[in-house]
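Fold and geometry: a report
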Amino acid sequence: MKSLCIFLAVLFIPWSFALAKYDEFEDGDDIMEYDDNDFAEFEDVSEDAITESPQRIITTEDDEEEATVELEGQDENQEDFDDADAQEGDTESEPYDDEEFEGYEEKPDTSPSKNKDPITIVNVPAHLQNSWESYYMEILMVTGLLAYIMNYIIGKNKNNRLAQAWFNTHRELLESNFALVGDDGTNKEATSTGKLNQENEHIYNLWCSGRVCCEGMLIQLKFLKRQDLLNVLARMMRPACDQVQIKVTMNDEDMDTYVFALGTRKALVRLQKEMQDLSEFCSDKPKSGAKYGLPDSLAILSEMGEVTEGMMDAKMVHFLTHYADKIESVQFSDQFSGPKLMQEEGQLTKLPETKKTLLFTFNVPGSGNTSPKDMESLLPLMSMVIYSIDKAKKFRLNREGKQKADKNRARVEENFLKLTHVQRQEAAQSRREEKKRAEKERIMNEEDPEKQRRLEEAALRREQKKLEKKQMKMKQIKVKAM
Amino acid sequence: RGQRGRPPRSYKAPSAESSPALEDPTPDYMNLLGMVFSMCGLMLKLKWCAWIAVYCSFISFANSRSSEDTKQMMSSFMLSISAVVMSYLQNPQPMSPPW
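Residues numbered from 1 in each chain as written. Chains lettered and ligands numbered in written order. Predicted model: local features only at pLDDT ≥ 70, side-chain atom pairs only at ≥ 80, totals over all residues. Heavy atoms only, no water.

Focus: the overall build of chain B
Worth spelling out the cut-off: Secondary structure elements are defined from DSSP: runs of H or I of at least 4 residues count as helices, runs of E of at least 2 residues count as strands, and each element is numbered from the N terminus. The contact rule is simple, with two residues in contact once any of their heavy atoms fall within 4.5 Å. For the area figures, the Shrake-Rupley method with a 1.4 Å probe applies, and any residue is considered shielded solely by the protein chains shown.
Looking only at helices and strands, chain B has 3 helices and 0 strands in total. Listed by position from the N terminus, the elements making up chain B come as α-α-α. By sequence separation, contacts in chain B at least 24 residues apart represent 67% of the contacts at least 6 residues apart. For chain B, the exposed area adds up to about 5,900 Å²; of that, 64% sits on carbon and sulfur atoms.

Let's talk about the overall build of chain A
So the rule is basically this: Accessibility here uses a 1.4 Å probe with only protein chains present; expressed as a share of the type maximum, an area under 20% marks a residue as buried, one over 50% as exposed, and anything in between as partly exposed.
When you go through chain A residue by residue, the secondary structure sums to 14 helices and 10 strands. For chain A, the residues scored as buried account for 34% of the 482 residues in total. Partitioning the contacts of chain A with sequence separation of at least 6, the portion at a separation of at least 24 is 69%. On chain A, roughly 31,900 Å² of surface is accessible, and the fraction owed to carbon and sulfur atoms is 54%.

Comments concerning the confidence of the model for chain A
All names here are of chain A. Keep this limit in mind: On a scale of 0 to 100, pLDDT captures the predictor's confidence in every residue.
Here chain A shows a mean pLDDT of 79. Residues at 70 or above account for 73%. For residues 45-67, every residue scores under 50 in pLDDT, and the model assigns this stretch 14 contacts once sequence neighbours within four places are set aside. A low-confidence stretch, residues 69-93 stays under pLDDT 50, and its non-local contacts, those more than four residues away or across chains, total 16 contacts.

Here we look at the nonpolar core
Basically, it comes down to this: What makes a nonpolar core is a set of buried Ala, Val, Leu, Ile, Met, Phe, Trp, Tyr and Cys residues whose side-chain atoms join them at distances within 4.5 Å.
The biggest cluster of nonpolar side chains holds 59 residues, and the ones touching the most others in it are Trp-166, Leu-174, Met-217, Ile-246, Val-248, Phe-332 and Phe-360 of chain A. With 8 residues, helix H12 (residues 379-394) of chain A is the largest single contributor of residues to this core. With near-sequence residues (within four places) excluded, Leu-174 of chain A lies in contact with Trp-166, Val-181, Leu-206, Cys-208, Met-217, Ile-219 and Met-382 of chain A. With 22 residues, the next largest nonpolar core counts Leu-145 and Ile-149 of chain A together with Cys-56 and Phe-58 of chain B among its residues.

Quick notes on a nonpolar patch on the surface
All names here are of chain A. Stated formally: Without a salt bridge and with relative accessible area above 30%, a residue can belong to a patch; like charges are then joined within 9 Å and nonpolar side chains (Val, Leu, Ile, Met, Phe, Trp, Tyr) within 5 Å. Any Lys or Arg side-chain nitrogen found within 4 Å of a carboxyl oxygen on Asp or Glu counts as a salt bridge.
A cluster of nonpolar side chains, namely Leu-230, Leu-233 and Met-236, defines an oily patch on the protein surface of about 310 Å² accessible area. Among the secondary structure elements, Met-236 is positioned in helix H6 (residues 229-237). With relative accessibility at 61%, the residue Met-236 sits in the exposed group.

A word on the packing of helix H2 (residues 47-63) of chain B against helix H3 (residues 70-90) of chain B
Residues and elements named next belong to chain B. Applicable threshold: Each axis is a line fitted through C-alpha atoms, taken for helices only over the stretch in contact, and angles between the N-to-C directions span 0 to 180 degrees. Relative orientations are named as follows: roughly parallel for angles under 35 degrees, roughly antiparallel for angles over 145 degrees, roughly perpendicular for angles from 65 to 115 degrees, and oblique for any other angle. The hand of a helix crossing depends on one turn: near helix anticlockwise from the far one by less than a right angle means left-handed, and clockwise means right-handed. In this classification, the charged set is Asp, Glu, Lys and Arg, the nonpolar set is Ala, Val, Leu, Ile, Met, Phe, Trp, Tyr, Cys and Pro, and all remaining amino acids, among them Gly, are polar.
H3 packs onto H2 with a crossing angle of 160° between their chain directions and a minimal axis gap of 8 Å. In terms of axis orientation, H2 runs roughly antiparallel to H3. Where H2 crosses over H3, the handedness of that crossing is left-handed. Facing Lys-47, Ala-50, Trp-51, Ala-53, Val-54, Ser-57, Phe-58, Ser-60 and Phe-61 of H2, the residues of H3 in contact are Met-73, Ser-76, Phe-77, Ser-80, Ile-81, Ala-83, Val-84, Ser-87 and Tyr-88. For the contact of H2 with H3, the per-class residue count stands at 12 nonpolar, 5 polar and 1 charged.

Overview of the packing of aromatic side chains
Definition in use: Only Phe, Tyr and Trp rings take part, Trp by its six-membered ring, and two of them pair if their centres are within 6.5 Å. Stacked means planes under 30 degrees apart, edge-to-face means over 60, and tilted covers everything else. Cation placement over rings: the criterion is NZ of Lys or CZ of Arg within 6 Å of the ring centroid and within 35° of the ring normal.
Considering all chains together, one arrives at 10 aromatic pairs over all chains under this definition. Measuring from centroid to centroid gives 5.9 Å for Phe-332 of chain A and Phe-360 of chain A, while their planes differ by 65°, and the two rings are edge-to-face. Of this pair, Phe-332 of chain A sits in strand E9 (residues 327-336) while Phe-360 of chain A sits in strand E10 (residues 355-363); the two residues are 28 residues apart in sequence, bridging distant segments of the chain. Using a relative accessible area of 1% as the deciding quantity, one classes Phe-332 of chain A as buried. Cluster of aromatic residues (ring-pair linked, three or more members): Phe-260, Phe-332, Phe-360 and Phe-362 of chain A. Here Lys-47 of chain B stacks its cationic end above the ring of Tyr-88 of chain B, 5.1 Å away from the centre of that ring.

Concerning unusual backbone geometry
In the Ramachandran plot, Cys-213 of chain A falls in the positive-phi region, its phi being about 80° despite a non-glycine side chain. With respect to the helices and strands, the residue Cys-213 of chain A is situated in the loop between strand E3 (203-209) and strand E4 (214-222). In this structure, Lys-45 of chain B is a non-glycine residue whose phi angle is positive, near 55°. Structurally, Lys-45 of chain B can be placed in the loop between helix H1 (26-44) and H2. Looking at Lys-45 of chain B, the relative accessible area reads 53%, which means it is exposed.

Next comes the structure, spelled out in structure tokens:
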């Protein structure tokens, strides 16, 4: 509805203004007529001038009497004219001199010759013409806007249909596994709406919760921006596909400490660079999954070999082999904190918060030209997700694995502390200086001189003690070194 | 298999600060661009600027998130429409192509 109103407004406003402009031109003609009428009186003057000659004869004859002949329809102007003529009449009482009137004959001769000149019609340039054809650029623009609006409506509806198709297929499986399916977070309490939560015209969310092992599962249907014509055109150059991203947040006690990732080689390389946990714990290059019976297209990134061995059981391999084309990436991590944050120097004083997470990214088949059937074909992948949740709960590292994992985590923390050591030192130094300054101010502000002296002595004694301590430490270190 | 253990947790939308890389900046950029072009079209009386502003505000609307303020969107859109109308009121001649 919104888009319709906008479209109508776009058409009507310039249309009404264009019409108003045309009205002005029509009125112009009427104005001209009125102007003509204003000068109508003076038009008659020229005719009266011709008729004046016989009147002149009359006035010259009556000159001695100085009688002014009043004719009908004459006003004051005419009388003035008559008086002027009366005065001139004296000089004109003599017989007409032909030489005087030579110029006058030419005038009537030249005016008809002027009428014989042909009227040339000048071509009005295109931009001054008032025809619709000259506005072709504007028509193009409006057509473009209409096309954009049409694409918006069509794209929006298609994304909606795909989302509904996905949800209708998966609803049963989800409702049997989770107590709460679909919550948009608007109510204080968790209420199951049983509907997808539309974040955008191309992103749909679904929150499921209420199952053993996991806190909750957030499913994001990330469709292509079919509602944006620019995006549609860009996709013609660079094909892309819809994605389904599933993020399972595990309970702390239900998952052991390990970092493991699996997916297409390209995706893993990208994730290794972007993700905080993968870059810190899985420093090796992605290895081919062929060793475990997976197709060549899939690669594995793992913190240690034991985790890979544990994860790749028969059922998992079966899932991965059958649906390899739909899998973009799978990530199991107890140190998941999202992508690396771009931080300025001096601000990083604490490690980012981590959560035990299972992250799945699936590609919808069809690479852009998706149909509702393609969305339905993702159902087995959801079964894989549920299976993975249970698997992550069951899988426990042995003693060696646990030791290795703990060592890794301690190492990462140490590295982090070393990096921030300088910043933390500076922070401590500045805090110490602040304290000293505050004390000095207190001493200065003391009015009682006795108290002032005592406080100063106390501050001196404290500083001396600190110096002594430092010297002791240095001596101890020297002794140890020796 | 429905194993329901502890009570379900309610949904908490991921905050935008925690995932800046995932946030799409397109609607904000297009909004700003639309306003800039509208002002250019109004001040410099350039028709093509005004038309581009209309397109920018449409693109911003199409890419916007549902949580975003519709007032901002509508104001940018109205500004671009007014830029187009004012350009044509001042100079009703059609737009000439740049070639």
